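Residue-level structural notes
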Amino acid sequence: MNLFLVSLLFVGGSCRWSEEKAKEWYDSQPWLHGANFIPSTAVNELEMWQAETFDLPTIDRELGWAEKLGFNSMRVFLHYLLWTHDKEGLFTRMDKFLKVADKYNIRIMFVFLDDCWNPYPKLGKQPEPVPHKHNSQWVQSPGVPISRNLRKQGLVEGYVKDTLKRFANDRRVLAWDLYNEPGNSRNPNEFAVPMLYRMFKWARDVNPSQPVFAAVWTGGWGNPNKLAPLNKMMLTQSDIIVFHDYGDIRHFRERHNQLKQYNRPIICNEYMARPKGSTFKDIMPYMKEHKIGGYNWGFVSGKTNTIYPVSYTHLRAHETSLHLVCRLLLEKKKKKKK
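Residues numbered from 1 in each chain as written. Predicted model: local features only at pLDDT ≥ 70, side-chain atom pairs only at ≥ 80, totals over all residues. Heavy atoms only, no water.

Attention now moves to the environment of Lys-87. Tracing the backbone through its elements, the reader meets Lys-87 in helix 5 (residues 80-103). Of the residues examined, Lys-87 reaches a relative accessible area of 31% and is grouped as partly exposed. In this structure, the C-alpha to C-alpha distance between Lys-87 and Tyr-159, residues 72 residues apart in sequence, is 8.4 Å. Beyond its immediate stretch of four places on either side in the chain, Lys-87 contacts Leu-82 and Asp-162. One polar contact links Lys-87 to Asp-162, side chain to side chain, over a distance of 3.2 Å. (Helix = DSSP H or I, 4+ residues; strand = E, 2+ residues; numbered from the N terminus. Buried < 20%, exposed > 50% of the residue type's maximum accessible area, 1.4 Å probe, protein only. Contact = heavy atoms within 4.5 Å. Polar contact = N/O pair within 3.5 Å; in protein donor to acceptor, adjacent residues only side chain to side chain.)

Structure below.
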């Protein structure tokens, strides 16, 4: 799909919230703070939601811990394959999850799609985690067979619209994150831009009462005239401005300053990486002072192994072995210069 045609089509059909509506919504919220949540007994989003492994007692216990910490919101990943296999079962389990969250005064930000980690998800029993490896069995949604096939991307429409329609006016749902880190895979402009365009269009067709967005996570955001295609779509079509940042407080402040010019409420729904200087003690006070919503990555020590840092010595989704060697050599060269 031609990127220019995509942008023309999208602008023509947009019904993005006005700045006034976005600010009114945000002003009615407390300072939003929480984590990216998956129960300790699940290795990925499929294991969390499949009927055979849906662990409500653990979810109840761990969301209770979140309330005791003062958290009032959680970000939670769904998956396309769950809808294809058992739509009504998925919605029933989502409702049970939301009832537990509501008991602890926690509202949920649901995520539809994800371009991170294993590109070939499969239903059924999930593999065991690799010891000490961060997110060793996390899976992309919908996965490469659909996300990298322009003719098949439309299969996701029913998943998005059915889910939005079911929960469009549910006060327990805070917001809808349409697509986590689009382009964190091969050829982002060729595949991720059309997919993200479709996600926004389908969400606008339903027009839920909650805000919809996709978070910027890479590249430069300071100059609106020089935005990459994905970032431009995310920053001009999201109801609220959302971003990821795993840098130290200096870097976090710089990113925040870049985003203030877009004149909308700001949330960071991924942060906290101690080896990079992203810590609670530095980032949380700044977010509270500026009323930036904040969701750190990971909540409990469990099967996702996200208590361990990301390993930069394994192949990423878009890399060949040669790419990996070149990247590691460049990183080594940068360290020597410091």
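According to the stated counting rule, one finds 18 salt bridges in the structure shown. Ionic pairing is found between Asp-86 and Arg-93, a salt bridge with its closest N-O pair at 3.6 Å. Overall, Asp-86 belongs to the partly exposed group, its relative accessible area being 28%. On the accessibility criterion, Arg-93 (10% relative accessible area) is buried. (Salt bridge = Lys/Arg side-chain N within 4 Å of Asp/Glu carboxyl O.)

A few words now on the pairing of strand 7 (residues 266-271). Buried residues dominate strand 7, accounting for six of its six residues. Relative to strand 7, strand 6 (residues 241-244) runs parallel, the two being bridged by four bridges. Across the sheet, Val-242 pairs through a bridge with Ile-267, a residue of strand 7. For the segment spanning strand 6, helix 10 (residues 249-259) and strand 7, crossover handedness is right-handed. Where strand 7 lies against strand 8 (residues 293-296), three bridges are found, and the strand directions are parallel. Following the sheet pairing, Ile-267 is matched in strand 8 by Gly-293. In the classification by handedness, the crossover that spans strand 7, the intervening helix 11 (residues 280-289) and the parallel strand 8 is right-handed. (Pairing = 2+ DSSP bridges. Right-handed = clockwise from strand over helix to strand, strands pointing away.)

Read across the open sheet, the eight strands follow the order 5-4-3-2-1-8-7-6; overall the sheet is parallel. Both outer strands of the open sheet, strand 5 (212-213) and strand 6, are each paired with one neighbouring strand and no more. On top of the sheet, helix 10 reaches strand 6 and strand 7; it is set at about 155° to strand 6, its chief contact. (Axes fitted to C-alpha atoms, helices over the stretch in contact; angles between N-to-C directions.)

Of all residues in the chain, 86% attain a pLDDT of 70 or more, and the chain-wide mean is 91. Note on residues 313-319: pLDDT under 50 across the span, and 22 contacts to partners over four residues away in sequence or across chains. (pLDDT = per-residue confidence, 0-100.)

Let's shift gears to the pairing of strand 3 (residues 107-114). Most of strand 3 sits out of view: seven of its eight residues are buried. The pairing of strand 2 (residues 73-77) with strand 3 spans five bridges and is parallel. Note on strand 3: the bridge partner recorded for Arg-75 is Met-109. With helix 5 bridging strand 2 and the parallel strand 3, this β-α-β connection has right-handed handedness. Bridge analysis of strand 3 against strand 4 (residues 173-180) gives six bridges, and the strand direction is parallel. By the bridge assignment, Val-111 is partnered in strand 4 with Asp-177.

In terms of nonpolar packing, the biggest core is built from 81 residues, with Trp-49, Leu-63, Met-74, Phe-97, Phe-110, Phe-112 and Val-156 touching the most fellow members. Per-element accounting of this core gives the leading share, 11 residues, to helix 5. Excluding residues within four positions of it along the chain, Phe-110 makes contact with Trp-49, Val-76, Leu-78, Met-94, Phe-97, Leu-98, Val-173, Ala-175, Trp-176 and Asp-177. Core analysis: the second largest hydrophobic core is formed by 14 residues, Trp-17, Leu-32, Ala-175 and Tyr-295 among them. (Core = buried A, V, L, I, M, F, W, Y, C linked by side-chain atoms within 4.5 Å.)

Glancing now at the packing of helix 5 against helix 7 (residues 157-167). The interhelical angle for the contact between helix 5 and helix 7, taken along N-to-C directions, is 20°, at an axis separation of 11 Å. The angle between helix 5 and helix 7 places the two elements in the roughly parallel class. The two elements helix 5 and helix 7 cross, and the hand of that crossing is right-handed. On the side of helix 5, the interface is formed by Tyr-80, Trp-83, Lys-87, Glu-88, Phe-91, Met-94, Asp-95 and Leu-98, while helix 7 contributes Gly-158, Tyr-159, Asp-162, Thr-163, Arg-166 and Phe-167. (Parallel < 35°, antiparallel > 145°, perpendicular 65-115°, else oblique. Left-handed = near helix turned anticlockwise from the far one by under 90°.)

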